[in-house]
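Spelled out, the chains give:
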Amino acid sequence: QLQLVESGGGLVQPGGSLRLSCAASGFTSDYGTIGWFRQAPGKERGGVGCIRRSDGSTYYADSAKGRFTISRDNGENTVYLQMNSLKPEDTAVYYCARETDGSSCVMGYASGMDYWGKGTLVTVSS
């Protein structure tokens, strides 16, 4: 069983915060990368950031730096995306995904990810 399940999305006012969770199960290796991506209305799916499963090192898109933080809970096999100072342009469906090997996540390329969750909707509106 290979599964990624996102949760934590919802409606939030501009300037507010949300914490998204990505629960991973069924993976046979601790190696690889877990990434967060988002797709806003009328836009392509783009990278938010990623975390290496082996050592926890993180990478962020320019739009996320200083506002978003990716972390992990090794005991629960869960990756988190803490989002602060949210803006209306952050409105999107947020996905977590796995990259088995490569550098696609670091570069923000969704095409390099090989397992995806269903996504969770984040709406930032006043």
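Use the structure listed above.
In this report, the structure presented in the accompanying data block is examined. Everything quoted here is computed from the prediction, not taken from an experiment.

## Here's the deal with the pairing of strand 9 (residues 92-99)
A regular strand places its side chains so that they alternate between the two faces of the sheet. Here strand 9 lies mainly inside the structure; seven of its eight residues are buried. The sheet contact formed by strand 4 (residues 33-39) and strand 9 spans seven bridges and is antiparallel. By the bridge assignment, Gly35 is partnered in strand 9 with Ala97. For strand 9 and strand 11 (residues 120-124), the ladder comprises three bridges, and the chain directions are antiparallel. Across the sheet, residue Ala92 finds its bridge partner in strand 11, namely Val122. Sheet topology note: the strand 9/strand 10 (residues 115-116) ladder contains two bridges and is antiparallel. Its bridge partner being in strand 10, Ala97 is matched across the sheet by Trp116.

## Things to note about the pairing of strand 3 (residues 18-25)
Of the pairings in the sheet, the one linking strand 1 (residues 3-7) to strand 3 comprises five bridges and is antiparallel in character. Its bridge partner being in strand 3, Gln3 is matched across the sheet by Ser25. Where strand 3 and strand 8 (residues 78-83) come together, six bridges link them in antiparallel fashion. Bridging across to strand 8, Leu18 finds its partner in Met83.

## Details of the state of the cysteines
Counted according to the given criterion, the structure contains one disulfide. In this model, Cys22 is linked to Cys96 through a disulfide, with the two sulfur atoms separated by 2.1 Å. One disulfide, between Cys22 and Cys96, carries an S-S torsion of 70 degrees and so falls in the right-handed class. In this pair, Cys22 is assigned in strand 3 and Cys96 in strand 9, connecting sequence segments 74 residues apart.

## Comments concerning unusual backbone geometry
A positive phi angle is found at Ser85, which is not glycine, with a value near 50 degrees. In this structure, Ser85 sits in the loop between strand 8 and strand 9. Judged by its relative accessible area of 41%, Ser85 falls in the partly exposed class.

Reading the values: the criteria
Residues numbered from 1 in each chain as written. Predicted model: local features only at pLDDT ≥ 70, side-chain atom pairs only at ≥ 80, totals over all residues. Heavy atoms only, no water. Buried < 20%, exposed > 50% of the residue type's maximum accessible area, 1.4 Å probe, protein only. Helix = DSSP H or I, 4+ residues; strand = E, 2+ residues; numbered from the N terminus. Pairing = 2+ DSSP bridges. Disulfide = S-S within 2.5 Å.

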